[in-house]
Amino acid sequence: MTQSPALQLPPPKERRRLREAASLTRAQLASRVGVTSETVRGWETGRATPRGRKGEKYARLLNSLGTPREVTEPHTSVTTTDRGRPSSRGRGAGSRPPARDRDRAHAADRGRSPTPDRGRTTPRVTLADLSRAPRRAKTPHRPDDATSALDPEQAFDALYAFCAPALVRQTYLLTGRRELARESVERAFQIAWQRWPEVARDRDPAGWVRAVAYECALSPWHRLRPRYRHPEPPPPDAFDRALMDTLLRLPPSYRRTLLLYDGVGLGLPETAAETEASTRAAVNRLTHAREAVAERLPELADPEVLHWRLVELASTERLRAAKPLVVRQAGERRARLWTRAAIAFTALLIGTTVLTVRTAPTRYEPPVPAGETVQGVPPPVAPGPLSESERHLRSKLLRQEQQRGPDRLMPQPR
């Protein structure tokens, strides 16, 4: 019974068609299933397969919206009755689609009713901000659609508005530092703007930026910076402080795997790919991380409860990202600065090389060899330093020489 919904899943293209036919956005469908819109996008494009409880819930929701068989059968029955049956039967068949549409609308309404109770108190980390991005930017819901319809600046701004607020909260859970989370996300988007042709063609631009932001946040060089040597003030709530302390005690790889799977809602294959590990290694990291959290906080032993506690912890902090224009300009200034520094270093290296070539000797000059003893005669020794009496006599002779002057040479007659 648990695997029956997985067998009734329509093809990926049909899943998207069913969602659009029900006038549901990807964010709304993801909020009902309890995953992120990126996960739903992977299910609709065929890059990921729904599994587990989320997959069963997704299959039941699609069945409530209408399966491919329910959509295609009325058209075939109408054509066959029009061709091979009397017109009265055709009218009877033609009267069925409105009733079925009404049933489908009631089923969709029934599917909408239980979801707001779950998402009303604690919205998902990546949905509360993503759902507002299309209204602000007035762009398509998918970042890759925006890149094809807009110029690079507008597409980057749409991607930033789509992902940046959620990424700041995720990075805060990863590091426990508010300023570092904001700085890491801005640095990730600056790198994305420098490599925008590559990011725009990527199948998952949001995942590309998220991976770079996590790498920047978990860099070991931050411990050498004076501003990050001391911890920041913890959350005000006692349980939130205990949860944050538990997360920071985990190894970085375990913490990242737990955040991606239980916080963001990625599947195991996507989590393993983003952490550059095998699926088995990702499962082991996730298991050990959950055990460590449950050991210190037994009430979070349930993964579903852990997920919503992570969402609440990220939502309590008022973390805001900078404007996309500011991030783009900062990235451009940083790129110009490094370009000028590279040019200056290259010019300095070339000047040093030219100076060395001009001043270096052009031939080999052997050193003066030491003296040798020839037939018992020792080599001449250079005079050493004068003693005090010798310096006094030398100065006295020089004074007398200056007073009398040198002797004049006169020719002598023969």
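Residues numbered from 1 in each chain as written. Predicted model: local features only at pLDDT ≥ 70, side-chain atom pairs only at ≥ 80, totals over all residues. Heavy atoms only, no water.

Let's talk about the overall build of the protein
Per the secondary structure count, the protein includes 22 helices and zero strands. A total of 414 residues make up the protein; the buried ones form 37% of that total. Once local pairs closer than 6 in sequence are excluded, the contacts in the protein between residues at least 24 apart make up 73%. (Helix = DSSP H or I, 4+ residues; strand = E, 2+ residues; numbered from the N terminus. Buried < 20%, exposed > 50% of the residue type's maximum accessible area, 1.4 Å probe, protein only. Contact = heavy atoms within 4.5 Å.)

With respect to the packing of helix α12 (residues 152–175) against helix α20 (residues 303–316)
Relative orientation of the contacting elements α12 and α20 amounts to 105 degrees, with a least axis distance of 9 Å. When the axes of α12 and α20 are compared, the pair comes out roughly perpendicular. Note on element contacts: α20 touches α12 through Leu310, Leu313, Ala314 and Ser315, opposite Arg169, Tyr172 and Leu173. When the residues that make up the contact of α12 with α20 are grouped by side-chain class, the tally is five nonpolar, one polar and one charged. (Axes fitted to C-alpha atoms, helices over the stretch in contact; angles between N-to-C directions. Parallel < 35°, antiparallel > 145°, perpendicular 65-115°, else oblique. Nonpolar A, V, L, I, M, F, W, Y, C, P; charged D, E, K, R; others polar.)

Considerations on the confidence of the model for the protein
Per-residue confidence for the protein averages 75 on the pLDDT scale, and 74% of its residues sit at or above 70. When pLDDT is averaged over each helix and strand of the protein, the minimum, 36, is found for helix α7 (residues 87–94) and the maximum, 92, for helix α21 (residues 324–359). Throughout residues 1–7 the model reports pLDDT below 50, and contacts reaching past four residues in sequence, or to other chains, amount to four contacts. Segment residues 67–147 is flagged for pLDDT under 50; beyond a separation of four residues in sequence, or across chains, it makes 97 contacts in the model. (pLDDT = per-residue confidence, 0-100.)

Considerations on the environment of leucine 159
You can see leucine 159 is positioned in helix α12. For leucine 159, a relative accessible area of 1% translates into the label buried. Separated by 47 residues in the primary sequence, leucine 159 and alanine 206 place their C-alpha atoms 7.4 Å from one another.

Structural notes on the packing of α12 against α21
Packing of α12 against α21 leaves a shortest axis separation of 9 Å and a crossing angle of 120 degrees. Of the two elements, α12 crosses α21, and the hand of that crossing is right-handed. On the side of α12, the interface is formed by Glu153, Phe156, Asp157 and Tyr160, while α21 contributes Pro324, Val327 and Arg328. By residue class, the composition of the contact of α12 with α21 is four nonpolar, no polar and three charged. (Left-handed = near helix turned anticlockwise from the far one by under 90°.)

What to know about unusual backbone geometry
Within the chain, glutamate 276 stands out as a residue other than glycine whose phi angle is a positive 55 degrees. By the secondary structure assignment, glutamate 276 is in the loop between α18 (268–274) and α19 (279–296). Notably, glutamine 375 is not glycine yet its phi reads approximately 55 degrees, a positive angle. Residue glutamine 375 is classed as exposed on the basis of its relative accessible area of 80%.

Quick notes on helix α3 (residues 26–33)
Within α3, six of the eight residues are buried, which leaves it mostly tucked inside the rest of the structure. Among the residues making up α3, those that are buried are Arg26, Ala27, Leu29, Ala30, Arg32 and Val33. At the N-terminal boundary of α3, the capping side chain belongs to threonine 25, with an oxygen 3.2 Å from the backbone nitrogen of glutamine 28. Note on α3: the residue one or two positions beyond its end, glycine 34, has a positive phi of about 95 degrees. (Polar contact = N/O pair within 3.5 Å; in protein donor to acceptor, adjacent residues only side chain to side chain.)

Observations regarding the pattern of salt bridges
Using the criterion set out here, one finds 18 salt bridges in the structure. Among the ionic pairs, lysine 54 bridges to glutamate 304, the shortest N-O distance being 3.5 Å. With lysine 54 in helix α5 (residues 52–65) and glutamate 304 in helix α20, the pair connects residues that are 250 residues apart, well separated along the chain. The exposure class assigned to lysine 54 is partly exposed, which follows from its relative accessible area of 24%. (Salt bridge = Lys/Arg side-chain N within 4 Å of Asp/Glu carboxyl O.)

Description of helix α13 (residues 178–194)
With 17 residues, α13 ought to run about 24 Å at 1.5 Å a step, and its terminal C-alpha atoms sit 25 Å apart, in line with that. Buried within α13 we find Leu180, Ala181, Ser184, Val185, Glu186, Ala188, Phe189, Gln190, Ile191, Ala192 and Trp193. On its buried side, α13 packs onto α12, α14 (196–201), α15 (205–217) and α21. (Expected span 1.5 Å × (residues − 1).)

With respect to the side chain of histidine 222
Its place among the elements puts histidine 222 in the loop between α15 and α16 (238–249). A polar contact of 2.7 Å, which involves the side chain of histidine 222, links it to the backbone oxygen of cysteine 216. Those residues in contact with histidine 222 that sit more than four places away from it in its chain are Leu180, Cys216, Ala217 and Tyr228.

Focus on the nonpolar core
Counting residues in hydrophobic clusters, the biggest one holds 48 residues, and the most contacted among them are Leu173, Phe189, Val209, Leu243 and Leu258. Looking at this core, the elements that each hand over two or more residues are α12, α13, α14, α15, α16, α17 (252–264), α19 and α20. No other element matches the 12 residues that α12 contributes to this core. Not counting residues within four places of it along the chain, the set of residues in contact with phenylalanine 189 comprises Phe156, Leu159, Tyr160, Cys163, Ala164, Leu167, Val209 and Val327. Ala22, Trp43, Ala48 and Leu62 belong to the second largest nonpolar core, which has 16 residues in total. (Core = buried A, V, L, I, M, F, W, Y, C linked by side-chain atoms within 4.5 Å.)

Considering the side chain of glutamate 44
Take glutamate 44: it is sitting in helix α4 (residues 37–45). The contact partners of glutamate 44, leaving out residues within four places of it in the chain, are Pro12, Lys13, Arg15, Arg16, Arg19, Arg26, Leu29 and Tyr58.

A closer look at the packing of aromatic side chains
Counted by the stated rule, this structure contains seven aromatic pairs. With a centroid separation of 5.9 Å and 80 degrees between ring planes, the pair formed by phenylalanine 156 and phenylalanine 189 is classed as edge-to-face. One end of the pair, phenylalanine 156, is in helix α12; the other, phenylalanine 189, is in helix α13, with 33 residues separating them in the sequence. For the pair phenylalanine 156 and phenylalanine 189, a shared accessibility class is recorded, and that class is buried. With 4.7 Å between their ring centres and 70 degrees between their planes, tyrosine 160 and phenylalanine 189 make a pair best called edge-to-face. Taken together, the positions of tyrosine 160 in helix α12 and phenylalanine 189 in helix α13 put the pair 29 residues apart, joining distant regions of the chain. Given the relative accessible area of 0%, phenylalanine 189 is considered buried. By way of ring pairs, the aromatic residues Phe156, Tyr160, Phe189, Trp193 and Trp196 are connected into one cluster. (Phe/Tyr/Trp six-rings, centres within 6.5 Å; stacked < 30°, edge-to-face > 60°.)

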